[in-house]
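Results of the structural survey
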Amino acid sequence: MVGEGRAFVVSEDQAADDDRWSKWPEAWVGTACDVRMVLGAIPREVKDEFRYDEIPWERFPHFYGTGDEVPGLLKVLASDDAEAAGQALWRLWTTVHHQGSTIEVAALAVPFLLRIAATGHPGLRADTLTLVAASGRCQHLGDGSREGFLQVAEDPLMIGPVECPVDWTIQAARDAITSDLHLPLSLLPDPDPKVRSAAAFVLALTASETHRISSALHERLAVEDEPAVQVSLLLAIAQLAREHQDGPTRDWVRDLWSDPGRPPHVRIGAGLAWLCLVDSPAPDELHALLTDPGTRQHSDLFQQVPWIPLVDTGDGLRRCIHDMLEPNSP
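Residues numbered from 1 in each chain as written. Predicted model: local features only at pLDDT ≥ 70, side-chain atom pairs only at ≥ 80, totals over all residues. Heavy atoms only, no water.

Scanning the protein chain from N- to C-terminus turns up 17 helices and 0 strands. In the protein chain, which comprises 330 residues, the proportion classed as buried is 54%. Counting contacts in the protein chain only where the partners sit at least 6 residues apart, residues at least 24 apart contribute 66% of the total. Accessible surface, the protein chain as shown: approximately 14500 Å² in total, 50% of it carbon and sulfur. (Helix = DSSP H or I, 4+ residues; strand = E, 2+ residues; numbered from the N terminus. Buried < 20%, exposed > 50% of the residue type's maximum accessible area, 1.4 Å probe, protein only. Contact = heavy atoms within 4.5 Å. Areas by Shrake-Rupley, 256 points an atom, 1.4 Å probe, with all protein chains shown as cover.)

Right under this line is the structure:
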């Protein structure tokens, strides 16, 4: 059973001991309430065989109740009933990802959601992957700024329902994605463009093996012909580069936006990415590109890119351009 062995250095009774609040959060590290330890202790066969009963869901409540209902929803999502599966996915979104907040139990669901995305209903694949990605990154809803747009880590002082830092939950979800990279990688060539974009959104959260993943994203970009997916792949590469201080990628995206021979959507996406990778002001050439009236005609296309609706569900591209170029202007 998961919950036994070295993942739990301190007993559950000790984890609940009020005395340890004086040393929060350090005293919670490695305890039964540390979702990183719980997730790391799940054997691969438990995930591959969907053995939900071996996961301590009840230990990680959400804002509407306990985590006990999560395995039931996952089972329905993986079922042959497409309508019921769609309803279960909607319930999972509202349960484990409440109003844009990442909740501990969401990280426990990530290994199963990845497997369901790879084998379940094709029509639900993109939304399932997007839920995985939402569980592994902070949600700066309405923030299209250079600092926030591609940010992954959360404020270390923000806590979840189990009183553990939200960034622990994000770390756990990212570790889970990294342990199963073969699943989102297998979906990069999916026939559905939305799935390809969502797979890139997930792969951008890789906690390690970033060179391998960046190479895979570049390879896909070289053969991709769907504009929204091209932008998604570009932003995924940039997000990995931002976190790992990858200078060559910064130069690569500059070459993209500064090349008038590139398609406008690629130049615009690269311009946004470049602004997130550097601290210097936007050059006049880039400012002119992003504020050109013709740029607005690409708003609908950019709304299909998973990063963009998080900024604004109506016109995320316009919001990003404003927040990046005029951060002090309302």
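Having seen it, we continue.
Checked against the element boundaries, Ser232 lands in helix α12 (residues 227–244). For Ser232, the side chain forms a polar contact with the side chain of Ser197, separated by 3.1 Å. (Polar contact = N/O pair within 3.5 Å; in protein donor to acceptor, adjacent residues only side chain to side chain.)

Below, the discussion takes up the pattern of salt bridges. In a structure, side chains of opposite charge can pair up when their charged atoms sit close to one another. Enumeration according to the criterion identifies 17 salt bridges in this entry. The salt bridge partner of Glu224 is Arg220, with a shortest N-O separation of 3.1 Å. The exposure classification of Glu224 matches that of Arg220, with both residues buried. Among the charged side chains, a network of salt bridges with common partners joins Arg44, Lys47, Asp48, Arg115 and Asp180. (Salt bridge = Lys/Arg side-chain N within 4 Å of Asp/Glu carboxyl O.)

Turning our attention to the nonpolar core. One finds Trp57, Leu74, Phe149 and Leu217 to be the most contacted residues of the largest nonpolar core, which totals 103 residues. With sequence-adjacent residues up to four places away left out, Leu74 is seen in contact with Tyr52, Trp57, Leu92, Ala109, Phe112, Leu113 and Ile116. (Core = buried A, V, L, I, M, F, W, Y, C linked by side-chain atoms within 4.5 Å.)

So, on to helix α14 (residues 264–277). Between the first and last C-alpha of α14 there are 20 Å, a value that for 14 residues agrees with the 20 Å anticipated at 1.5 Å per step. With respect to burial, α14 is a largely interior element, 13 of its 14 residues being buried. (Expected span 1.5 Å × (residues − 1).)

The next point concerns the packing of helix α13 (residues 247–257) against α14. At a minimum axis separation of 8 Å, α13 and α14 run at an interaxial angle of 145°. Crossing angle aside, the handedness with which α13 passes α14 is left-handed. Judged by residue contacts, Thr249, Arg250, Val253, Arg254, Leu256 and Trp257 of α13 engage Val266, Arg267, Ala270, Gly271, Ala273, Trp274 and Leu277 from α14. Here the residues of the contact of α13 with α14 sort into 8 nonpolar, 2 polar and 3 charged. (Axes fitted to C-alpha atoms, helices over the stretch in contact; angles between N-to-C directions. Left-handed = near helix turned anticlockwise from the far one by under 90°. Nonpolar A, V, L, I, M, F, W, Y, C, P; charged D, E, K, R; others polar.)

Here we take up the confidence of the model for the protein chain. In the predicted model, the protein chain carries a mean pLDDT of 87, and the fraction of residues at 70 or more is 86%. Here residues 1–11 is a poorly scored stretch, pLDDT under 50, and it has 25 contacts once near neighbours within four places are set aside; other chains count. (pLDDT = per-residue confidence, 0-100.)

This paragraph deals with the environment of Asp279. With respect to the secondary-structure elements, Asp279 resides in the loop between α14 and α15 (284–291). Each C-alpha atom of the pair Asp279 and Glu147 lies 9.4 Å from the other, and the pair is 132 residues apart in sequence.

Relative to the helices and strands, Gln230 resides in helix α12. The class for Gln230 is buried, based on a relative accessible area of 15%. A polar contact is formed between the side chain of Gln230 and the backbone oxygen of Glu224, at a distance of 2.8 Å. Contact partners of Gln230, with chain neighbours within four places excluded, come to Leu221, Glu224, Asp225, His265 and Val266.

On to the packing of aromatic side chains, then. Evaluated as defined, the whole model comprises 6 aromatic pairs. Aromatic pair Tyr52 and Phe112: ring centres 4.9 Å apart, planes at 50°, arrangement tilted. Taken as a pair, Tyr52 in the loop between α3 (44–48) and α4 (69–77) and Phe112 in helix α6 (residues 104–119) lie far apart in primary sequence, 60 residues in all. Residue Tyr52 shares its accessibility class with Phe112, and that shared class is buried. (Phe/Tyr/Trp six-rings, centres within 6.5 Å; stacked < 30°, edge-to-face > 60°.)

Okay, the environment of Cys164 next. Relative to the helices and strands, Cys164 is located in the loop between α7 (125–135) and α8 (166–179). Residues Cys164 and Glu104, spaced 60 residues apart in sequence, show a C-alpha to C-alpha distance of 8.3 Å.

Running from N to C, α6 and α7 point in directions that differ by 155°, and their axes come no closer than 9 Å. As summarised for this structure, α6 and α7 are arranged roughly antiparallel, according to the angle between their axes. Between α6 and α7 the crossing geometry is left-handed. Contacts between α6 and α7 involve Ala106, Val110, Leu113, Leu114, Ala117, Ala118 and Thr119 from the former and Arg125, Thr128, Leu129, Leu131, Val132 and Ser135 from the latter. (Parallel < 35°, antiparallel > 145°, perpendicular 65-115°, else oblique.)

What follows is about unusual backbone geometry. Glycine aside, negative phi is the norm for most residues, and most peptide bonds take the trans geometry. In this structure, Phe50 takes a positive phi of about 55° despite not being glycine. With respect to the element layout, Phe50 can be found in the loop between α3 and α4. Of note, the phi angle at Glu209 is positive, near 55°, even though the residue is not glycine. For Glu209, the location among the structural elements is in the loop between α10 (193–203) and α11 (210–223).

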